[in-house]
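An overview of the molecular structure
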Amino acid sequence: MFSIKHKFTVVSVLYIMCSIGVAAEMQYYPPQMQAELHAAYIAKGKDYHARTINLLENGQPAYINQLILQDSPYLIQHAHNPVHWHPWGEEAFALAKRENKPVFLSIGYSTCHWCHVMEEESFDNPAIAAVLNKYFIAIKVDRERRPDIDAVYMQAVTLLTGRGGWPMSSFLTPQGKTFVGDSYFPPEAFKKLLLQVNEAWQKQQTLVLQRADEVAKAVASTQENNQQSQSLDSALFKQTAENLIRVQDREYGGFGQNMKFPNEPLLMYLLDDYQRNANKQSLATVEASLQAMAQGGIYDQVGGGFHRYATDRQWQVPHFEKMLYNQAQLAQAYLLAFQLTGKAQYARIAQQTLDYVLEDMRAQEGGFYSATDADSNGVEGEFFVWTPAQIKNALNPALAQRAIDLYAVTEQGNFEGHNILHLPLSLESYAEKNKLSLPILLLEVDQIRQELKHKRQQRIAPLRDDKIVTAWNAMMIESLTLAAEVLQQPKYLIAAEKAANWLWQSNRQASGELWRIHWQGSSSVSANQQDYAYFASALIKLYDLTGDQQWLDKAENLTHLMIKQFWDNKNYGFFMNSEAETQAMMLRPKDVQDNASPSANAVAVHVLAQLSMRTVKPEYPDKAATALAAFSANIKKQPTSYTRLLSAAAELNNAQVGSVQYAAKGAVTVRAKRTGDNQLLVTMQLKPGWHINAQNPLQDYLIPTKISLPNNQLSKVIYPPAILKKLSFGQQKLALYEDQLTIQAGLPEIFIDKPYVHIQVQLQACNDQHCLPPETLTLGVPRPLS
């Protein structure tokens with residue numbers, strides 16, 4: 001990022017020692033801290049490159065601050081700013097109180113482009129740093145390590161300005177209450193603001209404190225859920241889907257008219273609506289978004305994977321950073337779309353995205369890195385863009401001409417004289433227009449991608465943030481597990497299990513509690529509620545696919561720890577952090593609204609709902625229902641902000657979806673699949689001590705086991721022979737099924753080409769003590785891969 005180097009002479013070093021440079025740094029920190037900072041710098045080794053323009057004649061950084069001691073790539077990026085940065089903690093706020101100075105709080109993350117810009121322009125500028133050091137206590141926070149801090153202060157900035165973004169720049173009282181806040185500031189505007197805030201603090205401190213109290217109350221009010229609970233019924237679920245369909249961008253797909261974010265929670269909600277209610281408009285809305293993104297510049301046409309968002313309505317010009325959580329969520333969306341439609345292009349994008357993660361974002365031990373930067377060689381997007389000459393240099397003439405035509409590469413380009421590769425036509429449409437065989441075109445595209453990727457690897461790659469975040473890894477584990485199921489490729493399950501085992505074995509504390517971060521061989525930062533919820537959800541997905549009891553046991557273990565640490569016994573729902581970690585914050589936050597990913601409370605309710613169907617413990621459905629009731633009034637007011645909670649409510653109150661479901665509180669596992677000859681196989685696995693009635697019970701009052709189609713007849717249904725048996729509670733013999741059974745049936749011919757079929761399974765489960773009420777499960781069964 002930094003290309004200009006300031007070479008300091010002996011005279012200039014002496015000058016710095018008399019003003020704000022090394023000597024000022026030495027004077028600011030006590031001797032023991034000075035030694036610790038320099039030791040930490042030396043320990044980084046010869047391959048460490050200080051991120052600063054302020055260098056001494058020997059090439060070493062002129063400044064070292066406390067961030068050099070932190071285990072965060074983002075914080076260490078700022079370790080050589082002339083700003084006297086403090087990490088978040090009581091020590092910094094105690095200093096602010098002692099010196100009666102306001103706090104300047106800067107929050108960002110390592111791959112944030114505008115964070116880099118503000119760092120270069122302001123934080124690495126000695127003149128601006130001098131003002132900041134003189135009048136403020138400066139605190140730097142990595143939002144990916146501490147999303148709870150970010151959530152609280154972003155809420156304040158949003159209330160003050162009507163917008164939010166990173167870097168977040170806030171001014172706080174020594175008690176941690178915001179009174180001024182915004183995002184990026186150009187250097188001169190930032191310096192002017194620093195002086196204005198200081199003047200207000202010196203001359204109008206009473207008014208400033210009053211304003212801070214008002215902001216803190218406003219932030220607290222956003223978390224209140226003391227209204228009467230509302231019904232979250234199927235009508236609200238359907239109406240929310242209709243609202244999303246209505247506000248979609250019908251021309252270019254997605255939501256919004258300017259910048260375009262993937263909005264994965266909305267896409268997943270509409271897919272859920274299609275599975276539950278067969279709403280074809282919901283599926284069409286999702287397909288419009290998925291197709292537009294797959295063809296756009298937001299998708300890396302060469303390397304696979306998605307950039308974080310597009311800066312334009314057409315999805316062509318992305319902000320080039322790549323986040324692990326986007327890859328995980330979008331892979332799930334494309335996999336489900338493939339499962340529901342049978343369209344191969346969705347499977348292709350999902351596989352390319354997951355393969356990108358496995359190749360470029362996976363640590364040797366099995367975990368997954370967080371992100372890659374937007375910038376390379378100090379230039380945004382340079383790694384990803386092409387000119388016609390570069391294409392011709394990388395490919396043979398025939399492939400070069402195909403790539404230039406296919407991706408609409410021009411001399412003038414579509415991004416600062418270069419080209420972000422995109423597909424004006426889908427590959428299917430391009431093949432049809434040019435009278436090409438689609439399989440031949442796909443082979444050409446694979447060769448183009450492979451050779452361009454090889455050429456691109458010779459460029460300076462964007463910075464990779466190689467910290468491992470538990471929640472984001474859990475998202476990827478869940479996506480890989482789904483891919484193993486949908487694409488029937490064992491490599492994805494192997495990767496998912498390896499990552500899950502590594503997190504469980506290596507990223508937990510001695511107490512069994514999770515760490516949130518693992519970086520450079522060590523773990524740190526106690527996990528927040530998001531980490532527990534997402535990891536539990538991933539483990540349940542592994543259990544569903546493999547049937548391995550260890551995954552369900554571990555999911556329950558994490559859920560118990562989540563309830564113990566984060567459950568709000570007064571107002572219900574889950575806090576983001578533990579009470580001990582709320583130090584100096586305006587309030588203890590809850591993650592309730594969906595954002596770039598589903599809210600942690602929504603995922604927790606989803607986990608509780610799933611466990612309620614897989615276990616007999618009443619705490620799970622009780623806690624899920626209580627949380628939903630607590631949030632229901634807010635959900636009812638603005639349902640499109642709470643789509644994952646609505647899906648969780650539907651799962652808890654109505655029905656499961658998918659081809660694997662549970663009856664009798666987990667005592668019966670039902671799996672359905674279709675075969676290539678249009679046959680349906682329904683397998684039921686019963687836990688020891690349980691049975692279900694046979695297809696033809698000997699007693700008229702018993703409910704038979706049967707499979708059916710909602711609106712059609714199955715042909716040649718073959719049930720297994722019944723077991724005739726007396727049980728301890730009766731004298732009559734019963735016709736029943738135990739252990740494992742498979743029912744086979746033929747599907748009507750009209751279903752041969754249908755990618756997704758719903759079937760119903762009726763059963764009544766009993767053990768030696770009692771019989772449970774009859775249950776009817778509706779399973780969604782995809783067409784088998786050809």
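So, a few notes on the structure that sits alongside this text. (Residues numbered from 1 in each chain as written. Predicted model: local features only at pLDDT ≥ 70, side-chain atom pairs only at ≥ 80, totals over all residues. Heavy atoms only, no water.)

Moving on to the packing of aromatic side chains. Considering all chains together, one arrives at 28 aromatic pairs under this definition. With a centroid separation of 6.1 Å and 55° between ring planes, the pair formed by Phe-104 and Phe-123 is classed as tilted. Of the two residues, Phe-104 is situated in strand 4 (residues 103-108) and Phe-123 in helix 6 (residues 113-123); the sequence distance between them amounts to 19 residues. Considered together, Phe-104 and Phe-123 belong to a single accessibility category, that of buried residues. Measuring from centroid to centroid gives 5.7 Å for Phe-320 and Phe-384, while their planes differ by 10°, and the two rings are stacked. With a gap of 64 residues between them, Phe-320 in the loop between strand 9 (318-319) and strand 10 (322-323) and Phe-384 in the loop between strand 13 (379-380) and helix 16 (388-394) connect regions that are remote in the sequence. Accessibility expressed as a relative area gives 9% for Phe-384, which makes it buried. For the cation-ring pair, Lys-140 lies above Trp-85, with the distance from its terminal atom to the ring centre recorded as 4.7 Å. Its end group placed over the ring of Tyr-356, Lys-322 keeps NZ or CZ at 3.9 Å from the ring centre. (Phe/Tyr/Trp six-rings, centres within 6.5 Å; stacked < 30°, edge-to-face > 60°. Helix = DSSP H or I, 4+ residues; strand = E, 2+ residues; numbered from the N terminus. Buried < 20%, exposed > 50% of the residue type's maximum accessible area, 1.4 Å probe, protein only. Lys NZ or Arg CZ within 6 Å of the ring centre and 35° of its normal.)

This next bit is on the environment of Asn-81. Looking at where Asn-81 falls in the secondary structure, it is placed in the loop between helix 4 (73-77) and strand 3 (86-87). Residue Asn-81 is classed as buried on the basis of its relative accessible area, which comes to 1%. Through-space distance from the C-alpha of Asn-81 to that of Ala-62 is 8.8 Å; in sequence the pair is 19 residues apart. When residues no more than four places from it in sequence are discounted, the contact partners of Asn-81 are Tyr-63, Asn-65, Glu-119, Phe-123 and Asp-124. (Contact = heavy atoms within 4.5 Å.)

The next thing to look at is the packing of helix 24 (residues 600-614) against helix 26 (residues 643-653). As a packed pair, helix 24 and helix 26 sit with axes 8 Å apart at the nearest point and diverge in direction by 15°. Classified by the angle between their axes, helix 24 and helix 26 sit roughly parallel to one another. Where helix 24 crosses over helix 26, the handedness of that crossing is left-handed. Touching Asn-601, Ala-602, Val-603, Val-605, His-606, Ala-609, Gln-610, Ser-612 and Met-613 of helix 24 are Arg-644, Leu-645, Ala-648, Glu-651 and Leu-652, all from helix 26. (Axes fitted to C-alpha atoms, helices over the stretch in contact; angles between N-to-C directions. Parallel < 35°, antiparallel > 145°, perpendicular 65-115°, else oblique. Left-handed = near helix turned anticlockwise from the far one by under 90°.)

For the rest of this paragraph, the subject is the packing of helix 12 (residues 264-277) against helix 13 (residues 280-295). Interhelical geometry of helix 12 versus helix 13 gives an angle of 145° and a closest axis separation of 8 Å. Helix 12 and helix 13 meet at a crossing whose hand is left-handed. Of helix 13, the residues touching helix 12 (which contributes Leu-267, Leu-270, Leu-271, Asp-273 and Tyr-274) are Lys-280, Ser-282, Leu-283, Thr-285, Val-286, Ser-289, Leu-290 and Met-293. In the contact of helix 12 with helix 13, the residues fall into 8 nonpolar, 3 polar and 2 charged. (Nonpolar A, V, L, I, M, F, W, Y, C, P; charged D, E, K, R; others polar.)

This part is about the state of the cysteines. Per the counting criterion, the structure on display carries 2 disulfides. Shown here is the disulfide that connects Cys-112 with Cys-115, its sulfur atoms set 2.4 Å apart. One disulfide, between Cys-112 and Cys-115, carries an S-S torsion of 80° and so falls in the right-handed class. Bridging Cys-766 to Cys-771, the disulfide has an S-S length of 2.1 Å. Handedness here is read from the sign of the S-S torsion; for Cys-766 and Cys-771, about 105°, the answer is right-handed. The exposure class assigned to Cys-766 is buried, which follows from its relative accessible area of 2%. Among the cysteines of the chain that take part in disulfides, numbered as they appear in the sequence, the pairing is 1-2, 3-4. (Disulfide = S-S within 2.5 Å.)

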